[in-house]
Amino acid sequence: ATENKAVITLFGATGDLAKRKLYTALFKLYQKGYLAEHFALLGTSRHDYTDEEFQELVRNSIKDVEESRDGEAADFSKHFFYKAHDVTKPEHYTILKERIEELDKQFGTEGNRLFYMSMAPQFFGTIAMNLKKQGLLSDDGFNRLVIEKPFGRDFDSAKKLNDALSQTFDENQIFRIDHYLGKEMVQNIQALRFGNTIIESLWNNRYIDNIQVTLSEKLGVEERAGYYDQSGALRDMVQNHIMQIVAQLAMEQPVSFTDTDVRVEKIKALRSLRVYTPSEAAANFVRGQYDAGDGTEAYRSADGVDPESGTETFVAAKLLFDNYRWSGVPFYVRTGKKLADKFTRIDVVFKKPLIDIFADPRNESDQSLNSNVLTIFVEPKSGFAMQLNAKRAGQGFTTQPVDLKYLQSDSDKKESPEPYERLFHDALEGNHTNFASWAEIAYAWKFVDVIRKLWDIEKPQFPNYTPGSMGPAASDELLARDGRKWVYRL
Ligand code: NAD
């Protein structure tokens, strides 16, 4: 492993995300040698901590990670330092600046600086501005900014945020986290497509009938209810994660597998996504909110949720790309809380043979052939399956669907880094492949804004689905209208 040298400044160092994900991710990079002697992390938040107390917080956060040698966690935590800081007070940045410069010298980080914003998004602009104004950026190494979701609430607020960040950082210095892009099987979309003639040569509207993307959650809103009620599934899942997955499925082959070339193709794909008129959007989007049932309370009864809430906990939609490859092929997407199970999967449904020579010509309802389906299992199981038609064993001649299947072994899974580990490493390496660019985010918001505006005006008939189902009936009707069905259904 090549060591990455940097001082990481973490805003929101005492927050939930930092404690649950970020310290573990850094510790794993340390265990693998990507972080070694030459790194330090300066944590900051409103709380008062000493360096020792902060190091203890870090050790507590990583206590479930197996140590590969004695004292590893303790050694790791010695790279962590802390300064209390109110991000709205310009004078506080001077304190951070001095500390960063000391740590740079002490740890020999060659002027490399990574700023990670893991706090409420309303502060992102202010922090970025002050980093520049108060002179926290270095002149000799790199300066990079990693920022958490959500990136705006709509196109206008996202643009405002981006404009604010752009005052300090260039696009190639900004790393916008979309943790779905850190998932092994999402990255595998590219390997599967561009590494296999038998797949990529069929990857178009001549052979594909439709593509389905499902991000299904079993849990409800739990502790994040207050946040969620202001956001909803459209903003929380569709605008970012689903659009990023869809872009990878729809994009053309990049010239090379580098961040610049991949980015160009993703942007091009999203540019050809049809932005609906309001009436088209109304026809092609479905929203839902879960009721009580299956032993749980209704969304509206959750703590922190408005009892009259019109926030959607489920979205299904049909997307269309107006380009040569995809014209006429719908992409159906759905996501929701309190659904039957927790999983993420992609189903690519191929067209049936034009003529079914096995069917009885005198009996029109005798349709023996199934569509070929390529399923990419993203999580919790990782792998893919291809459904083919084969002869059913025995006398006579009928066909049945059979599966060619590859599932990652447990040892492969152990090898796969968690999304935050991978993304942290990519940011330290300066590799943008698995981050969302501003242009992609802008197109995604423009697409989503049309339906958001409509839904904000029209009062929904909520609740409309039961926990443990796969969402409201309208989600099935969205496909039935086109003579299709969800591949995964109950
Ligand atoms: P949190 O509320 O748990 O933590 C916020 C942190 O910011 C705390 O350390 C707090 O002290 C600090 N802070 C707040 N106001 C401050 C101020 N004025 N000055 C200095 N520090 C201040 O939040 P979180 O759940 O850790 O989320 C952090 C970011 O990550 C958010 O952008 C969130 O949307 C995103 N995110 C979180 C999760 C998650 O699972 N928690 C998942 C995805 C994205």
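See the structure shown above.
Everything quoted here is computed from the prediction, not taken from an experiment. (Residues numbered from 1 in each chain as written. Predicted model: local features only at pLDDT ≥ 70, side-chain atom pairs only at ≥ 80, totals over all residues. Heavy atoms only, no water.)

**Examining the overall build of the chain**
- Each helix and strand counted, the chain has 16 helices and 14 strands in total.
- Radius of gyration (C-alpha) of the chain: 24 Å, near the 23 Å computed for a compact globule of 490 residues.
- On the principal axes, the C-alpha backbone points of the chain span a range of 85 × 50 × 45 Å.
- Taking contacts inside the chain between residues at least 6 apart in sequence as the whole, the part at least 24 apart equals 77%.
- Of the roughly 22500 Å² that the chain leaves accessible, carbon and sulfur atoms contribute 49%.
- The chain carries 63 positive and 73 negative side-chain charges, and their two centres are separated by 4 Å. (Helix = DSSP H or I, 4+ residues; strand = E, 2+ residues; numbered from the N terminus. Rg over C-alpha atoms; globule rule 2.2 N^0.38 Å. Contact = heavy atoms within 4.5 Å. Areas by Shrake-Rupley, 256 points an atom, 1.4 Å probe, with all protein chains shown as cover. Lys, Arg positive; Asp, Glu negative; His and termini not counted. Charge placed at Lys NZ, Arg CZ, Asp CG, Glu CD.)

**Remarks on the site of the ligand**
- Around the ligand, the surrounding shell holds 20 residues, and the nearest of these are Thr14, Asp16, Leu17, Arg20 and Lys149.
- Contacts to the ligand include Gly15, whose backbone N or O atom sits 3.2 Å from an oxygen atom.
- In the model, a nitrogen atom of the ligand is placed 2.7 Å from a nitrogen or oxygen of the Asp16 side chain.
- Taking 840 Å² as the accessible area of the ligand by itself, protein coverage stands at 81%.
- For the shell around the ligand, the element with the highest residue contribution is helix α1 (residues 16-31), accounting for 3 residues.
- Partitioning the shell around the ligand into residue classes produces 7 nonpolar, 7 polar and 6 charged. (Near = heavy atom within 4 Å. Polar contact = N/O pair within 3.5 Å; in protein donor to acceptor, adjacent residues only side chain to side chain. Nonpolar A, V, L, I, M, F, W, Y, C, P; charged D, E, K, R; others polar.)

**A closer look at the side chain of Ser437**
- In this fold, Ser437 is placed in the loop between α14 (419-429) and α15 (438-457).
- Separated by 2.7 Å, the side chains of Ser437 and Glu440 make a polar contact.
- Residue contacts for Ser437: discarding those within four places in its chain leaves Glu171, Arg176, Arg263 and Ile267.

**Some words on the sheet that holds strand β4 (residues 113-117)**
- Read from one edge of the open sheet, 6 strands run β3-β2-β1-β4-β5-β6, paired in parallel fashion. Each end of this open sheet is capped by a strand with a single partner; those strands are β3 (80-84) and β6 (174-176). If you compare each strand with its neighbour and ignore which way they point, the axes differ by 20° on average.
- Relative to strand β5 (residues 143-147), β4 is paired through 5 bridges, and the arrangement is parallel. Residue pairing in the sheet places Tyr116 in a bridge with Val146 of β5.
- Running at roughly 160° to β4, helix α5 (residues 124-133) makes contact with β1 (6-11), β4 and β5 of the sheet. (Pairing = 2+ DSSP bridges. Axes fitted to C-alpha atoms, helices over the stretch in contact; angles between N-to-C directions.)

**Some thoughts on the sheet that holds strand β8 (residues 285-288)**
- Taken in spatial order, the 8 strands line up as β8-β9-β10-β7-β11-β12-β13-β14 in an open sheet, and their pairing is mixed. At either margin of the open sheet sits one strand with a lone partner, and together these are β8 and β14 (399-407). Adjacent strand axes in the sheet meet at a mean angle of 15° when their direction is disregarded.
- Note that strand β9 (residues 314-319) and strand β10 (residues 331-336) share 6 bridges and pair antiparallel. Following the sheet pairing, Ala316 is matched in β10 by Arg334.
- Packed onto the sheet, helix α7 (residues 184-194) meets β11 (343-350), β12 (373-379) and β13 (383-391) and runs at close to 145° relative to β12.
- Packing against the sheet, helix α16 (residues 473-480) makes contact with β7 (208-216), β8, β9 and β10, and its axis sits at approximately 10° to β9.

**Re the pairing of β10**
- Here β10 lies mainly inside the structure; 6 of its 6 residues are buried.
- Side chains Phe331, Val333 and Thr335 project from β10 onto one buried face, and the interleaved Tyr332, Arg334 and Gly336 project onto a second face that is buried too. (Buried < 20%, exposed > 50% of the residue type's maximum accessible area, 1.4 Å probe, protein only.)

**Looking at the packing of helix α10 (residues 233-250) against α15**
- Close contact between α10 and α15 brings their axes to 10 Å; oriented N to C, the two are set at 145°. For the element pair α10 and α15, the recorded crossing hand is right-handed. From α10, Leu234, Arg235, Val238, Gln239, Met243 and Gln244 reach across to α15, where they touch Glu440, Ile441, Ala444, Trp445, Phe447, Val448, Ile451, Arg452 and Trp455.
- Split by residue class, the contact of α10 with α15 holds 10 nonpolar, 2 polar and 3 charged. (Left-handed = near helix turned anticlockwise from the far one by under 90°.)

**Topic: the packing of α1 against helix α2 (residues 51-61)**
- The contact between α1 and α2 brings their axes to 8 Å, and the two run at 85°. Considering the angle they form, α1 stands roughly perpendicular to α2. Each of Lys19, Tyr23 and Thr24 in α1 lies in contact with α2, whose residues at this interface are Phe54, Leu57, Val58 and Ser61.
- When the residues that make up the contact of α1 with α2 are grouped by side-chain class, the tally is 4 nonpolar, 2 polar and 1 charged. (Parallel < 35°, antiparallel > 145°, perpendicular 65-115°, else oblique.)

Fair warning: the whole summary comes from geometry, so function is off the table for now.
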